[in-house]
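Read off the chains here:
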Amino acid sequence: MLPVKDAESVIFNLINSLKLKENREKVSLDAAVGRILAAPVTSKLDFPYWDNSAMDGYAVRYEDVKDINPDSPVTLEVVEEIPAGYPPKVTLKTGQAARIFTGAMMPEGSDTIVIQENTQKEGNKVQILSSPQPQECVRHKASFYQAGKPMLPLGIQLGAAEIAVLATAQCTELTVYRRPRVAILSTGDELISPNTPLQPGQIVDSNQYALASAVAQSGAIPISLGIIPDRPEELKSAIARAIDSADMVLSTGGVSVGDYDYVDRILAELGGEIHIRSVAVKPGKPLTVATFANSCLYFGIPGNPVSALVSYWRFVLPALKKLSGLANNYQPVFVKAITRHDLRAGGKRETYLWGQLYLVHGRYEFALAGGSHSSGNLINLAQTNGLALVPVGEKLITAGKEVQIMQVASPLYSY
Ligand code: AMP
Ligand code: MG
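Novice: Help me understand helix H7 (residues 305–323), please; the structure alone is not making it clear to me.
Specialist: Residues lying three or four places apart along an α-helix face the same way, a consequence of the helix completing one turn every 3.6 residues. Of all bends in H7, the biggest is about 45°, found at tyrosine 312. Most of H7 is tucked away: 18 of the 19 residues are buried. At the exit of H7 stands glycine 325, carrying a positive phi of roughly 110°.

Novice: Where do I start with unusual backbone geometry in this structure?
Specialist: Residues other than glycine predominantly adopt negative phi, and peptide bonds predominantly adopt the trans conformation. The omega torsion of the bond from phenylalanine 47 to proline 48 falls at -10°, within 30 degrees of zero and hence cis. Among the secondary structure elements, proline 48 is positioned in the loop between strand E2 (41–42) and strand E3 (52–53). Backbone torsion omega between lysine 282 and proline 283 reads -5°, so that peptide bond is classified as cis. Along the polypeptide, proline 283 turns up in the loop between strand E19 (281–282) and strand E20 (288–291). The phi torsion at asparagine 329 lies on the positive side, around 40°, for a residue other than glycine. Checked against the element boundaries, asparagine 329 lands in the loop between H7 and strand E22 (333–339). Asparagine 329 gets classed as exposed once you look at its relative accessible area, which sits at 52%.

Novice: Can you walk me through the sheet that holds strand E17 (residues 248–252) in this structure?
Specialist: Hydrogen bonds along the backbone pair up the strands of a sheet, which may run parallel or antiparallel. With respect to topology, six strands assemble into an open sheet ordered E16-E13-E17-E21-E20-E18, the strand pairing being mixed. Bordering the open sheet on either side are strand E16 (221–228) and strand E18 (273–276), each of which pairs with just one other strand. Direction aside, neighbouring strands of the sheet carry axes that sit 20° apart on average. When strand E13 (residues 181–187) meets E17, the two strands line up parallel, connected through five bridges. Residue pairing across strands places valine 182 opposite methionine 248, the latter belonging to E17. Contacting E18, E20 and strand E21 (297–301), helix H1 (residues 4–17) runs over the sheet at an angle of about 140° to E18.

Novice: In this structure, what is going on with the pairing of strand E24 (residues 350–360)? I would like to understand it.
Specialist: The side chains of a regular strand alternate, residue by residue, between the two faces of the sheet. Extensive coverage of E24 is indicated by the burial of 11 of its 11 residues. Relative to E24, E19 is paired through two bridges, and the arrangement is parallel. Considered in E24, the bridge of valine 281 is made with glutamate 350. Bridging between E24 and strand E26 (residues 386–390) involves five bridges; their strand directions are antiparallel. Following the sheet pairing, threonine 351 is matched in E26 by valine 390.

Novice: I keep staring at the pattern of salt bridges and nothing clicks. Help me out?
Specialist: Where side chains of opposite charge bring their charged atoms close, a pairing between them can arise. Scanning the entire structure with this criterion turns up 12 salt bridges. A salt bridge links glutamate 8 to lysine 5; its shortest N-O distance comes to 2.9 Å. Of the two residues, glutamate 8 and lysine 5 both sit in helix H1, three residues apart, roughly one turn of that helix. For aspartate 46, the salt bridge is made with lysine 141, and the minimal N-O distance between the two is 2.9 Å. Of this pair, aspartate 46 sits in the loop between E2 and E3 while lysine 141 sits in the loop between strand E10 (138–139) and strand E11 (150–152); the two residues are 95 residues apart in sequence, bridging distant segments of the chain. Residue classification places aspartate 46 among the buried positions, given a relative accessible area of 18%. Of the residues examined, lysine 141 reaches a relative accessible area of 45% and is grouped as partly exposed. Each member of the salt-bridge network shares a partner with another, and the members are Lys5, Glu8 and Arg314.

Novice: Help me out: how do you make sense of the site of ligand 1 in this one?
Specialist: Taken together, 14 residues are adjacent to ligand 1, and Glu190, Asp205, Gly254, Gly303 and Asn304 come closest. Here an oxygen atom of ligand 1 and a side-chain polar atom of glutamate 190 are 2.7 Å apart. At 2.9 Å from an oxygen atom of ligand 1 is found a main-chain nitrogen or oxygen belonging to glycine 303. Calculation on ligand 1 without its partners gives an accessible area of 480 Å², and the protein chains cover 77% of this total. Per-class residue counts for the shell around ligand 1 are four nonpolar, eight polar and two charged.

Novice: Honestly, the sheet that holds strand E6 (residues 96–100) in this entry has me stumped. Any pointers?
Specialist: The strand order across the open sheet formed by six strands is E7-E4-E6-E5-E9-E8, and the pairing between neighbours is mixed. On the outer flanks of this sheet lie strand E7 (112–115) and strand E8 (119–122), each paired with one strand and no other. With strand direction ignored, the average angle separating the axes of adjacent strands in the sheet is 40°. As defined by bridge partners, strand E5 (residues 74–82) adjoins E6 across five bridges and the pair is classed as parallel. Bridging across to E6, glutamate 77 finds its partner in glutamine 96.

The rules behind the values
Residues numbered from 1 in each chain as written. Chains lettered and ligands numbered in written order. Predicted model: local features only at pLDDT ≥ 70, side-chain atom pairs only at ≥ 80, totals over all residues. Heavy atoms only, no water. Bend = angle between axes of the 7 residues up to and from the residue. Helix = DSSP H or I, 4+ residues; strand = E, 2+ residues; numbered from the N terminus. Buried < 20%, exposed > 50% of the residue type's maximum accessible area, 1.4 Å probe, protein only. Pairing = 2+ DSSP bridges. Axes fitted to C-alpha atoms, helices over the stretch in contact; angles between N-to-C directions. Contact = heavy atoms within 4.5 Å. Salt bridge = Lys/Arg side-chain N within 4 Å of Asp/Glu carboxyl O. Near = heavy atom within 4 Å. Polar contact = N/O pair within 3.5 Å; in protein donor to acceptor, adjacent residues only side chain to side chain. Areas by Shrake-Rupley, 256 points an atom, 1.4 Å probe, with all protein chains shown as cover. Nonpolar A, V, L, I, M, F, W, Y, C, P; charged D, E, K, R; others polar.

Pasting the structure below:
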């Protein structure tokens, strides 16, 4: 049994050595949200593109207005009006000003804006009531970004702010990583789909739905391959097809030590290199991780629905994010919280207990999900946004004490 941290680093290291085949593609800016940059972006444009006014007011020459006090205002001749979007036509000379609006280009000869509130209009003249600072309210060309400098690095995920930057830079086509294809299959003779009438002894294949949803949420492409019975030949050909068709395969069930647990043997027969067979974690101990020569990463996940999702959150999702090309922030996020309930564990394996993470006046609190914490009870897994970690060697974290929580969704707020 590998400790959790060791299993995590084995998996991350495996991803360094895998290559997503033809792993880049071009997308238009309209379709780029959520994608991960596969090449750094630079722009040929400075930003701001040209000197412009940050306020509504008057463009002036600082020399003309630098010594104003309430007893000696200065009056300037208004020689032009410059709305945003129209280039100025006049060069300002001494004693002149231009009416200007936010975002409009500064006219030649001007260097400072006097905001409207500090002026008094008099026909085609304007009285300046107080001295501005030199270059006040001017947004200088290239002061925010210089053409040719690095703008966005590779390996970041594009959200609204990055899309805005790219639009501004007129980068309308982007090189992003291809979204990983993740094949999902459920193994077990007892499994049926949710729309098949239940016969005695059967169980609905919830894992297929849980994992396909989780993969879709991550931005990768789920490929649901359905239910495969516990028959070695059928299982072998299904697994072989999955490996051929995907960058990552998630199978659930059949990785334990039962008489019908064939997955590890089949992976070896298909030429897989098995790197992990079990992890000192609860739930989710019998976790198989293998790689194939075609660069496919295989996770054989235990079949219990809670074990399946906890294994996904703890090991698969970070791996998938890294495989997707994220250079950073693919690791799970842990926060410290005060537990509202006693948290119990066996002490031998790193234990994850599911429940709700609350943010209460800026501090995190954790409430253990009510009901049974059996790994077969998926009903009380609903609404889980945090997993409380009880480390190896500890059997009890008492209510009121601090605990590490792995966040799996946003915290709830309570006031
Ligand atoms: P296994 O890992 O195959 O030994 O399965 C462990 C337990 O999880 C058994 O009770 C199975 O019936 C249940 N199980 C296995 N696969 C699924 C699945 N896809 N959906 C829901 N429960 C499952
Ligand atoms: Mg099974």
